[in-house]
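The residues making up each chain are set out below.
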Amino acid sequence: MTSTEPVSEKTPSQPAAEVDVLVVGAGITGIYQLYRAREAGFSALLLEAGDGVGGTWYWNRYPGARFDSESYTYAYLFSRELFEEWEWHEHFAEQPEIERYLNHVVDRFDLRHHMRFGAKVTSATWDEPSGRWTVVDSHGNEVRARFFVAATGVLSVPHFPEVPGREEFKGESYHTGLWPAEPVDFTGKRVAVIGTGSSGVQIIPVIAEKAAALTVYQRSANWCTPLNNAPITPEEQAQLRADFEAICRTLRSSPSGFLHVANERAAFDDSDEQRRAFFEEMWQSPGFSKLTSNYNDLLFDEAANAAWCDFLASKIRAIVKDPATADTLIPKDHRFGEKRPPFVTAYFEVYNEPHVHIVDLRETPIERVTERGIETADGLREFDIIVWATGFDFGTGALRRMGIEGRDGLALVDHWADGPTTFLGIQTTGFPNFFFPGGPHAAAGNNPRYNGDQVDFVTEILLHLRATGYDVIEVEPAAEEKWTAMVDRWATKAPSFGESSYYFGTNIPGKPRKYLLNSAGRPKLLAEIAKVYETDYASFRVARSMEAVSSG
Ligand SMILES: Cc1cc2nc3c(=O)[nH]c(=O)nc-3n(C[C@H](O)[C@H](O)[C@H](O)COP(=O)(O)OP(=O)(O)OC[C@H]3O[C@@H](n4cnc5c(N)ncnc54)[C@H](O)[C@@H]3O)c2cc1C
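Cut-offs and rules
- Residues numbered from 1 in each chain as written.
- Predicted model: local features only at pLDDT ≥ 70, side-chain atom pairs only at ≥ 80, totals over all residues.
- Heavy atoms only, no water.
- Salt bridge = Lys/Arg side-chain N within 4 Å of Asp/Glu carboxyl O.
- Buried < 20%, exposed > 50% of the residue type's maximum accessible area, 1.4 Å probe, protein only.
- Helix = DSSP H or I, 4+ residues; strand = E, 2+ residues; numbered from the N terminus.
- Near = heavy atom within 4 Å.
- Polar contact = N/O pair within 3.5 Å; in protein donor to acceptor, adjacent residues only side chain to side chain.
- Contact = heavy atoms within 4.5 Å.
- Arc of directions from axis to C-beta.
- Expected span 1.5 Å × (residues − 1).
- pLDDT = per-residue confidence, 0-100.
- Pairing = 2+ DSSP bridges.
- Axes fitted to C-alpha atoms, helices over the stretch in contact; angles between N-to-C directions.
- Parallel < 35°, antiparallel > 145°, perpendicular 65-115°, else oblique.
- Nonpolar A, V, L, I, M, F, W, Y, C, P; charged D, E, K, R; others polar.

A.B. asks: Quick question: what am I supposed to make of the pattern of salt bridges here?
C.D. replies: A side chain with one charge may pair with a side chain of the opposite charge, provided their charged atoms come close. For the coordinates displayed, the defined rule picks out 37 salt bridges. Here lysine 332 and aspartate 327 are joined by a salt bridge, their closest N and O atoms 3.7 Å apart. The partly exposed category is assigned to aspartate 327, whose relative accessible area is 35%. The residue arginine 541 makes a salt bridge to glutamate 476 at a minimum N-O spacing of 2.9 Å. Taken together, the positions of arginine 541 in strand β20 (residues 540-543) and glutamate 476 in the loop between β19 (472-475) and α16 (477-491) put the pair 65 residues apart, joining distant regions of the chain. Overall, the relative accessible area of 43% leaves arginine 541 in the partly exposed class. Note on glutamate 476: relative accessible area 24%, which makes it partly exposed.

What follows is the structure in structure tokens.
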């Protein structure tokens, strides 16, 4: 392994560097990968397109952005001291606190020195003789690395729908996933929010508090349920510290990566009355527990899912006073869990405010954006600010934009022309020494737990190579085919996994319809990783690069 250390931190022009491990992306996955690589004694450098640490929590600074995962279950578990010294203020922390936390981690473990910001990777090329990657950023700076780890996220490329005239608008215009650092003042303004996915429903109530008029443009209604956030009391803080080991044990083995207790009952094990009471309990429960602690057949039995959806629809009708508006807010095109369920705070209530209106884009699509506002078949509405809460090019968006070329000039975009193929969501054939933890075929659930398992696995692979004297590793095609076939099979296993979700990439015109998550989940990932260790890495082929061979 090389031992040359990276030298500096942040300027457009950088000396060429040579490292063992090059990580791309300063989100929760990339930071952890950098930490693990350094801890294992590898020289390492991290490149990040943004000007700061945080990934999702750097770019999504919109008001109302916060965790849907409990703060202490999302946080790192690798250091007890870190866990004990950082006090989260709320069960579901808001973006500024999360960004502060990730910066704290970087400084506490002295990682900033190994990071370059404002460094967007534009090409990465495998060089067979030397067994190294040459990675170039947008300033033309070059880094050569034995191992190339893209921790570039699945929700890191904001998507704008193709609406004529979008650039014409003369007012202020923002995408939630590219929010400016300076606060946006909505006071007294006429505001449009386009999109009612997880980000849209977080920002809408915050804007409604300030704006003179708020118009929400909804393409599809989502099954929103209350987040049920609360401050963490001093007693709870003490309990969290005391429970550190138990929390780690649960989170390391939990299928969804949460602390929520799974329900052993099926929906129709209970009487109608019991089921209604249980659904009420679920409605009051925190965040994702409505998915993870709900009846165990919720995603697999259509009738169970329908019973829960009926309950949610009755809740929406009870909150929203105008029946037509309530009806617009009730999803008709998908079941609960088919799309990523958003969690909300006082969301449905805003539609009772006289200055808040909803436009159903299924009935009156946007025809164009003009200099002054948004035009539908109903005419032009004028705005001071347009907020695009229109999501991301999910799963493969960032990887497909990095100019990655593997063996024999094979471009990743061509290799994945019909959608991604992977082994355990970390490697693909034809791209030796390239890893992408937290990328396509990641699992739904509490992201850092699954992504963290992948980072640990990648690190074990690097250690294995070092111990055995090899320096090149690539997954066997049969292993990749088997894993990808499993992912595709599971994609339609549950009746609630319909194809209208961005999980299939269907929100991006022209994108191949291919399932981008691993619905078999974390247990399957962990079992396969265990198998790799048991079989002494039989799913991979290892080699010594020509350079290593010739240098003896
Ligand atoms: C608003 C929002 C809320 C969310 N809430 C939750 C939640 O509560 N719980 C949960 O589990 N998940 C949540 N997620 C999912 C979230 O993306 C993950 O939890 C997590 O942030 C993924 O971390 P990551 O490090 O893998 O990727 P990211 O955080 O996306 O970081 C990837 C980084 O890679 C950088 N990058 C990409 N391409 C390049 C390039 N070519 N060159 C250089 N740098 C590049 C990006 O700039 C980015 O900083 C949320 C996502 C969003 C958008």
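Having seen the structure, we can now continue with the description.
A.B. asks: It is not clear to me how unusual backbone geometry should be interpreted in this structure. Could you clarify?
C.D. replies: Note on backbone geometry: most residues besides glycine have negative phi, and most peptide bonds are trans. The phi dihedral of alanine 346 is positive, around 50 degrees, even though this residue is not glycine. Positionally, alanine 346 belongs in the loop between β11 (343-344) and β12 (356-360). Since its relative accessible area comes to 45%, alanine 346 is described here as partly exposed. Non-glycine residue leucine 424 carries a positive phi angle of around 60 degrees. In this structure, leucine 424 sits in the loop between α14 (412-415) and β18 (434-435). You can call leucine 424 buried: its relative accessible area is 0%.

A.B. asks: When you look at the site of the ligand in this model, what are you seeing that I'm missing?
C.D. replies: Near the ligand, the surroundings consist of 35 residues, among which Thr29, Glu48, Asp68, Ser69 and Tyr74 are the closest. Separating an oxygen atom of the ligand from a side-chain N or O atom of glutamate 48 is a distance of 2.7 Å. In this structure, a nitrogen atom belonging to the ligand sits 2.7 Å away from a side-chain N or O atom of serine 69. At the level of elements, α1 (28-39), α2 (56-59) and α15 (447-468) are the ones that each hand at least two residues to the shell around the ligand.

A.B. asks: Where do I start with the side chain of serine 69 in this structure?
C.D. replies: Considering the arrangement of structural elements, one finds serine 69 in the loop between α2 and α3 (71-74). With a relative accessible area of 7%, serine 69 lands in the buried category. At a separation of 2.9 Å, a polar atom in the side chain of serine 69 contacts the side chain of asparagine 446. Filtering out sequence-adjacent residues up to four positions away, serine 69 remains in contact with Tyr74, His91, Phe92, Phe258 and Asn446.

A.B. asks: How do you make sense of helix α8 (residues 244-253) when you look at a structure like this?
C.D. replies: Every α-helix carries 3.6 residues per turn, so stepping three or four residues along brings you back to the same face. Where α8 is concerned, the buried positions are Phe244, Ile247, Cys248 and Leu251. Axial view of α8: buried residues confined to an arc of 100 degrees, hence all on one face. Structural note: α8 exposes Arg249 and Ser253 on the side pointing more than 90 degrees away from its buried face. Elements that come into contact with the buried residues of α8 comprise α3, α4 (80-85), α7 (234-242), α15 and α17 (521-534).

A.B. asks: Hey, could you run me through α15 in this one?
C.D. replies: Taking 1.5 Å of rise per residue, 22 residues should cover 32 Å, and α15 covers 32 Å from first to last C-alpha, within 8% of that figure. One or two positions beyond α15, positive phi appears at glycine 469, with a value near 80 degrees.

A.B. asks: Looking at this model, I keep getting lost on the confidence of the model for the protein. Mind explaining?
C.D. replies: Regions with low pLDDT should not have their predicted coordinates read in detail. Per-residue confidence for the protein averages 94 on the pLDDT scale, and 96% of its residues sit at or above 70. Overall, residues 1-10 carries pLDDT values under 50, and its contacts beyond four positions in sequence, including any with other chains, amount to 36 contacts.

A.B. asks: Is there a simple way to think about the sheet that holds β12 in this case?
C.D. replies: Strand pairing in a sheet is mediated by backbone hydrogen bonds. Such pairs are either parallel or antiparallel. Strand order in this open sheet of five strands is β7-β16-β8-β9-β12, and the pairing throughout is parallel. Each of the sheet's edge strands pairs with one partner strand only, and the pair in question is β7 (172-175) and β12. Sheet twist, expressed as the average angle between the axes of neighbouring strands with direction ignored, equals 15 degrees. One ladder, built from five bridges, connects strand β9 (residues 213-218) with β12; its direction is parallel. What sits directly across from glutamine 218, in β12, is aspartate 360.

A.B. asks: How should I be thinking about the environment of alanine 520 in this particular structure?
C.D. replies: As for its placement among the helices and strands, alanine 520 is situated in the loop between α16 and α17. On a C-alpha basis, the gap between alanine 520 and alanine 444 in space is 9.5 Å, while along the polypeptide they are 76 residues apart. Residue contacts for alanine 520: discarding those within four places in its chain leaves Met486 and Trp490.

A.B. asks: What should I look at first to understand the packing of α15 against α17 in this one?
C.D. replies: Geometry of a packed helix pair, given as the angle between the helix axes and the separation of the axes. Interhelical geometry of α15 versus α17 gives an angle of 10 degrees and a closest axis separation of 10 Å. Considered as vectors, α15 and α17 are oriented roughly parallel to each other. Contacts between α15 and α17 involve Arg449, Tyr450, Asp453, Gln454, Phe457 and Glu460 from the first element and Gly521, Arg522, Leu525, Leu526, Ile529, Val532 and Tyr533 from the second. By residue class, the composition of the contact of α15 with α17 is seven nonpolar, two polar and four charged.

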